[in-house]
Amino acid sequence: RNSMKSYKEDFPLLRNSSIAYLDNAATAQRPEAVLKAEREFYEKYNANPLRGLYQLGMDATDCYEKARETVRDFLHAKKSSEIIFTRNTTESINLVAYSYALNNLKEGDELLVGIDSHHSNLLPWQMAARVTGAKLVFLDCEMDGSYTKEAIEKVITGRTKFAAITHVSNVIGRVNPVEDIIRLVHKNGGVVLVDAAQSAPHLPIDVCAMDVDFLAFSGHKLMAPMGIGVLYGKEKLLDEMPPFLTGGEMIESVTRESAVFAELPHKFEAGTVNGAGAWALKAAIEYINSLGFATLQERELALTTQAMEELKKIPYVNIIGSQDPKEHNGIVNFTVEGVHPHDIASILDGAGVDVRAGHHCAQPLLKHLGVFVTTRASIAFYNDEEDIHRFTEAVKGIRRMMGYAE
């Protein structure tokens, strides 16, 4: 059973724990290298980045900017100034909604969102549509979560001035054809944001090859600390956008009446920045790079395949989305007939298995797929066959524990 190399040794929380942690899509565990980097920042470089002209202040700034360069390289962006540090994907998306959409959309324009959007990539656009008078239009998926060429071509028109698209769904794990959507929206003169919260930990991303205008992801799903996120934006667009938040560090000069804003990227990074979080995000990216995405994907696919094959053998269990493990990127969402997901999660917790139950902040998608709530097991490369075995064995006993005679 233990034919796989174990990465749990790298993760203090998992090292001596018997928990099968299968809620990685919500937040990942942190490897030793990341925890060490965060501590190192406070022990060696702790000063306010971008402010102090003394050596320690310059060291802190250096760490922060090195982290930005690591993120630029990770996303294959052209310039470090196109990388904005935020708190998370949600803040990155709100930045674009308030700073770009409110200033560029008008009545008669259409704002396109995918039905599989996380609420964080839907609510800001509902707000933008309300304020600007633009019309919110949905791109609907098939029952397996896929977007057909016909659906994409039908919904993108000359009125589509903005599209917010999920790269990988947090409910069904499918990779969306973002390049096709970007190409078509651009052809019609629109701008595209890609929510990469679920894709950044699993897939290599090249913003130039995608030709995406904005892309957002969170550090915490990528094994970095909570409270550090990233927004990539094309320089030309970011230059024209007003700041989202105003205050310290994002200004060049201030008078009683007005202010001149700082250059990119600092224009969008008001207040004291999360220097330690950025430094630790750099460590997380370096850790991923040391393993390589090919290794991550191979392990995640093997474990996803194991989970899905075992679940398919259990009566009354229904897997949401595609039945092909390759389409899941580690996310296995399922229902058990006659048992509420909260009960499933509670029973699994009793067996030492951590999963998520509910609507996964994607209610429009679940409604579209004809389910209300589900249970989600989400797998990372540091999981192992034992975790999956414990999970599927626990699922086998759920209906019996709920009093069903099988």
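This structure is a prediction, so every number in the text was calculated from the model and none was measured.

## Some details on the nonpolar core
Leu75, Leu215 and Phe217 are the most contacted members of the largest nonpolar core, which has 77 residues in total. Per element, the largest residue contribution to this core is eleven residues, and it comes from helix 10 (residues 275-291). The contacts of phenylalanine 217, once residues within four sequence positions are left out, are Val71, Phe74, Leu75, Asn88, Thr89, Ala196, Ala197, Ala200, Leu222, Gly229 and Val230. Leu111, Met127, Ala128 and Phe162 belong to the second-largest nonpolar core, a separate cluster that totals 27 residues.

## As for a nonpolar patch on the surface
A surface patch of nonpolar side chains, amounting to about 250 Å² of accessible area, comprises Ile251, Val254 and Phe261. Here valine 254 shows up in strand 9 (residues 251-254).

## A short note on the pattern of salt bridges
In this structure the tally under the stated criterion is 27 salt bridges. Across the pair arginine 174 and aspartate 144 runs a salt bridge, and its minimum N-O distance is 3.3 Å. Of the two residues, arginine 174 is situated in the loop between strand 5 (160-166) and helix 7 (178-187) and aspartate 144 in the loop between strand 4 (135-139) and helix 6 (149-155); the sequence distance between them amounts to 30 residues. Classification of arginine 174 as buried rests on a relative accessible area of 10%. When its relative accessible area of 30% is taken as the criterion, aspartate 144 is described as partly exposed. Lysine 234 is the salt-bridge partner of aspartate 213, the closest N and O atoms lying 3.2 Å from each other.

## As for unusual backbone geometry
The residue after leucine 264, namely proline 265, is reached through a cis peptide bond having omega 0°. Summarising the element assignment, proline 265 is placed in the loop between strand 10 (259-261) and helix 10. Unlike most non-glycine residues, glutamate 249 shows phi in positive territory, near 75°. The topology assignment puts glutamate 249 in the loop between helix 9 (235-240) and strand 9.

## Considering a negative patch on the surface
A contiguous patch of negative charge, built from Asp239, Glu240, Glu252 and Glu263, is present on the exposed surface. Along the polypeptide, glutamate 252 turns up in strand 9. Taking relative accessible area as the criterion, glutamate 252 reaches 52% and is therefore assigned exposed.

## Examining the sheet that holds strand 8 (residues 229-233)
Spatial ordering of the open sheet is given by 2-8-7-6-5-3-4, a layout of seven strands whose pairing is mixed. Looking at the sheet topology across the chains shown, the edges are occupied by strand 2 (83-86) and strand 4. Neighbour-to-neighbour, the strand axes of the sheet open up by a mean angle of 20°, direction not taken into account. Sheet topology places strand 3 (residues 110-114) next to strand 5; four bridges connect them, and they run parallel. Each residue of the ladder has a partner; that of glutamate 110, found in strand 5, is threonine 160. Along the sheet face, helix 4 (residues 89-104) touches strand 2, strand 5, strand 6 (191-195), strand 7 (214-218) and strand 8 and points at about 150° away from the line of strand 7. Across the sheet, helix 5 (residues 123-132) touches strand 3, strand 4, strand 5 and strand 6, and the angle it forms with strand 3 is around 165°.

The rules behind the values
- Residues numbered from 1 in each chain as written.
- Predicted model: local features only at pLDDT ≥ 70, side-chain atom pairs only at ≥ 80, totals over all residues.
- Heavy atoms only, no water.
- Core = buried A, V, L, I, M, F, W, Y, C linked by side-chain atoms within 4.5 Å.
- Buried < 20%, exposed > 50% of the residue type's maximum accessible area, 1.4 Å probe, protein only.
- Helix = DSSP H or I, 4+ residues; strand = E, 2+ residues; numbered from the N terminus.
- Contact = heavy atoms within 4.5 Å.
- Patch = residues over 30% accessible without salt bridge, like charges linked within 9 Å, V, L, I, M, F, W, Y side chains within 5 Å.
- Areas by Shrake-Rupley, 256 points an atom, 1.4 Å probe, with all protein chains shown as cover.
- Salt bridge = Lys/Arg side-chain N within 4 Å of Asp/Glu carboxyl O.
- Lys, Arg positive; Asp, Glu negative; His and termini not counted.
- Charge placed at Lys NZ, Arg CZ, Asp CG, Glu CD.
- Pairing = 2+ DSSP bridges.
- Axes fitted to C-alpha atoms, helices over the stretch in contact; angles between N-to-C directions.

So far we have only geometry, and geometry alone does not tell us how the molecule works.
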